[in-house]
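Observations on chain architecture
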Amino acid sequence: MEKKALAEIYHEETKYHEARMGKFQRPLDWGAQPSPYKDYHSEKKIDLIPYLPFQNNPFTGEPLPPAKEQGGYPFGIGEISRLLYFTNGVTGILQYPTGQTLTLRAAPTAGGLYPTEIYVAVRGLSALESGIYNFQVKDHSLVLVWEGDFWGEFERYCMRHEAIANANLLVIMTAVYQRSAWRYQERAYRRILLDTGHILGNLVVYAPEEGFTPFPIGGFLDTSLNRLLFLDEAEEGVLAVVALPQREKVNPDEIRPTSAVASQRMPKGEDDLKMLQLQLHRVSSILPGEKSDLSRVQQPPDLNILESKYHLKEANALPDVPIEWGESVGQTILLRRSTRGLSGEGFLKEELASILEYAYLPLSAVPMPLFDPSILETYLVVQKVVGLNEGVYYYVPQKSELRLLTAGDFREQTWHFCLGQDLARDAAVLVIHIAHLKRAVEKYGDRAYRYLHLDAGQIGERLNLAAIRLGLGVSGIGGFYDDEVNALLGLSLDEIVVYITTLGRSRSS
Ligand SMILES: Cc1cc2nc3c(=O)[nH]c(=O)nc-3n(C[C@H](O)[C@H](O)[C@H](O)COP(=O)(O)O)c2cc1C
């Protein structure tokens, strides 16, 4: 019998089935919920709030003095403060009658659990000591964790990605697994990667406003990087490194276009099914001395694969209607919230076209900030869009084309497979990301699982921002009966559902 990759086993084992939900629905132990914050105590703490471009302190509402002068060579703390804030800073505080507060951030997160931590490495700045810092979301500060210039290590551990040599700033995203696993158990890893992809999405769209060109790097020596950050690998691991050279310092054409690198598939032991998500992360690691076939993956992804699917089906071309972002995409990031209820009303085909156009812009961007969009495919369930028939469509991003696969009203099915969430029934459109996992694993080993979910999260964040900018409602959906989605889309057994985003009109608007 054909041996399955751990990524395939993990996905199969973490599928939700209506009849087997008991396995995933254990009562929550509220006393055991991990904190969404990591505390670092250090004398060297840099308050980033004075650099924010706001009249009021986002934490206290107190008036803020005018933003501090920039200053600094080659750039100052202001750029870093705003970059981190619009990537994953606190953008909302909810006060409950009980006195409890809930802080919300620039990027969404499944279940409000915030598993992603952010570290920052800098060197050669006049305004900030060289070193590795932890970004303290709860008070918008940086805490110096490790003093010194670690570029030699980062270059080596990130397989000599050229963008690092050109940068004075790196953002490193890690996951503290238990924050999400506390609630979602083995299926947490999927959501952790999607959450982190959303954060990556904010960073990628906002970084150019501060003069940086972002290069997300997914190919790195895991253990070496985890050790550099003093992470306990059983608790926390690096998911992505983003090099942020200043725009004028790089010619993106001369830098590796994508940094998706294969991991080696390793033989699996008998205890595979225990702590599956941690094992999958470990097995998909790249180890020092391991020969990853860089030449194989340095080529730009072949997007023709997406175009050739269903090419004989009836095509519906979407108009070119770019979104007008105003002064800064940051204004939209500030407004972004997941919609708690959709009205069931529809929106226009032009609005859908705008949202998709923005979400898939990275495919033609240089540098292309996705790990490999040729292994991720997009289906739409159109439930109410003026100018489009209801039904299941395949989306071809390079052609802005929808190919009708099955006409019909599938609200009952979408409601059911999204675990009975009304968001799905009342959405105008569901955007569903899928992948042929076997093929993806052939290309990248088990590490493909990371790239697929990080990329889907990044595109998901762009769908969020575009919808918010157009005054529409949007929410990610991380829990679904996988096989039922496969059945509606007509997918094969080797294809997996990665992520669902619901779009529509908010109930209140
Ligand atoms: C990967 C992912 C999965 C999510 N799944 C759901 C879901 O199934 N149902 C839902 O109502 N919201 C879902 N959300 C939205 C979160 O509940 C929301 O992001 C979180 O409560 C924080 O609120 P905010 O997005 O308004 O900042 C999801 C978000 C993400 C990123």
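Notes on the structure in this doc start here. If you're wondering where the values come from, they're calculated on a predicted model, not measured in any experiment.

Time to look at the side chain of Thr 103. Secondary-structure assignment places Thr 103 in strand 3 (residues 101-105). Given a relative accessible area of 17%, Thr 103 falls into the buried group. Here Tyr 37 takes part through its side chain, which lies 2.7 Å from a polar atom of the side chain of Thr 103. What Thr 103 contacts, discounting residues up to four positions off in sequence, is Tyr 37, Val 90, Gly 92, Ile 93 and Tyr 114.

Taken together, 20 residues lie around the ligand, and Arg 336, Arg 337, Ser 338, Arg 340 and Gln 421 are the ones closest in. The separation between an oxygen atom of the ligand and a polar side-chain atom of Arg 337 is 2.9 Å. Here an oxygen atom of the ligand and a side-chain polar atom of Arg 340 are 2.9 Å apart. The protein chains hide 87% of the 620 Å² of surface that the ligand would expose on its own. When atoms are counted within 2 Å of each cavity's grid points, the one that captures over half of the ligand is the largest pocket. Listing elements by their share of the shell around the ligand, those giving two or more residues are strand 3, helix 6 (188-206) and strand 17 (473-477). Grouping the constituent residues of the shell around the ligand by class yields 8 nonpolar, 7 polar and 5 charged. Structurally, the shell around the ligand is a two-domain feature, drawing no fewer than three residues from each of domain 1 (33-256) and domain 2 (304-504).

With that settled, the discussion passes to a nonpolar patch on the surface. A surface patch of nonpolar side chains, about 240 Å² in accessible area, is lined by Leu 94, Tyr 96 and Leu 102. The residue Leu 102 is located in strand 3 in this model.

Our next topic: the nonpolar core. Where a protein is soluble and globular, its nonpolar side chains tend to be buried together. Counting 174 residues, the largest nonpolar core has Leu 142, Phe 154, Leu 380, Ile 432 and Ile 500 as its most contacted members. By residue number, the principal contributor to this core is helix 16 (residues 448-469), which donates 12 residues. In terms of domain composition, this core takes at least three residues from each of domain 1 (33-256) and domain 2 (304-504). Residue contacts for Ile 432: discarding those within four places in its chain leaves Glu 377, Thr 378, Tyr 379, Val 381, Phe 417, Val 485, Leu 489, Val 497, Tyr 499 and Ile 500.

All right, on to empty space enclosed by the protein then. Summary: where empty space remains is shown by rolling a probe the size of a single water molecule over the atoms. Following the criterion strictly, the structure yields 4 cavities of 30 Å³ or more and no others. By volume, the largest cavity amounts to about 70 Å³.

On to the layout of surface pockets, then. Its boundaries defined by the atoms lining it, the largest pocket holds a volume of some 1,400 Å³. If you go around the largest pocket, you meet 48 residues; those closest to its centre are Thr 109, Ala 110, Gly 111, Gly 112 and Arg 183. Sorting the residues of the lining of the largest pocket by element identifies strand 3, helix 5 (177-184), helix 6 and strand 17 as the ones contributing at least two each. Top element by residues in the lining of the largest pocket is strand 3. It accounts for 5 residues. Each residue belonging to the lining of the largest pocket can be placed in one class, and the counts come to 24 nonpolar, 16 polar and 8 charged.

Here we come to the environment of Met 159. Here Met 159 is to be found in the loop between helix 3 (151-157) and helix 4 (162-165). For Met 159, a relative accessible area of 14% gives the class buried. When the C-alpha atoms of Met 159 and Leu 312 are compared, they prove to be 42 Å apart, with 153 residues separating the residues in sequence.

With that out of the way, let us pick up the packing of helix 1 (residues 6-13) against helix 8 (residues 276-283). Look at helix 1 against helix 8: their axes get within 10 Å of each other, and the N-to-C directions meet at 160 degrees. In terms of orientation, helix 1 and helix 8 fall into the roughly antiparallel class. Judged by the twist between their axes, the crossing of helix 1 over helix 8 is left-handed. Mapping the contact onto sequence places Leu 6, Ala 7, Ile 9, Tyr 10 and Glu 13 in helix 1 and Leu 276, Gln 277, Gln 279, Leu 280 and Val 283 in helix 8. Taken together, the residues that form the contact of helix 1 with helix 8 break down as 7 nonpolar, 2 polar and 1 charged.

Before going further, it helps to spend a moment on the sheet that holds strand 16 (residues 429-436). Within the open sheet, the 7 strands sit side by side as 10-15-14-12-16-18-17. Their pairing is antiparallel. Each edge of the open sheet is held by one strand with a lone partner, namely strand 10 (315-317) and strand 17. Here the average twist between neighbouring strands, direction ignored, is 30 degrees. Pairing geometry for strand 10 and strand 15 (residues 401-407), over 3 bridges, is antiparallel. By the bridge assignment for strand 15, Ala 317 is matched with Glu 401. Of the strands in this sheet, strand 16 and strand 18 (495-504) are in contact with helix 15 (residues 437-444), which crosses strand 16 at around 55 degrees.

About the thresholds
- Residues numbered from 1 in each chain as written.
- Predicted model: local features only at pLDDT ≥ 70, side-chain atom pairs only at ≥ 80, totals over all residues.
- Heavy atoms only, no water.
- Helix = DSSP H or I, 4+ residues; strand = E, 2+ residues; numbered from the N terminus.
- Buried < 20%, exposed > 50% of the residue type's maximum accessible area, 1.4 Å probe, protein only.
- Polar contact = N/O pair within 3.5 Å; in protein donor to acceptor, adjacent residues only side chain to side chain.
- Contact = heavy atoms within 4.5 Å.
- Near = heavy atom within 4 Å.
- Areas by Shrake-Rupley, 256 points an atom, 1.4 Å probe, with all protein chains shown as cover.
- 1 Å grid on protein atoms, 1.4 Å probe; cavity = no way out; pocket = protein on both sides within 12 Å on 5 of 7 lines; lining within 4 Å.
- Sits in = over half its atoms within 2 Å of the grid points.
- Nonpolar A, V, L, I, M, F, W, Y, C, P; charged D, E, K, R; others polar.
- Domains from an automatic or database assignment.
- Patch = residues over 30% accessible without salt bridge, like charges linked within 9 Å, V, L, I, M, F, W, Y side chains within 5 Å.
- Salt bridge = Lys/Arg side-chain N within 4 Å of Asp/Glu carboxyl O.
- Core = buried A, V, L, I, M, F, W, Y, C linked by side-chain atoms within 4.5 Å.
- Points joined across faces, edges and corners; volume = space filled by probe spheres on them.
- Axes fitted to C-alpha atoms, helices over the stretch in contact; angles between N-to-C directions.
- Parallel < 35°, antiparallel > 145°, perpendicular 65-115°, else oblique.
- Left-handed = near helix turned anticlockwise from the far one by under 90°.
- Pairing = 2+ DSSP bridges.

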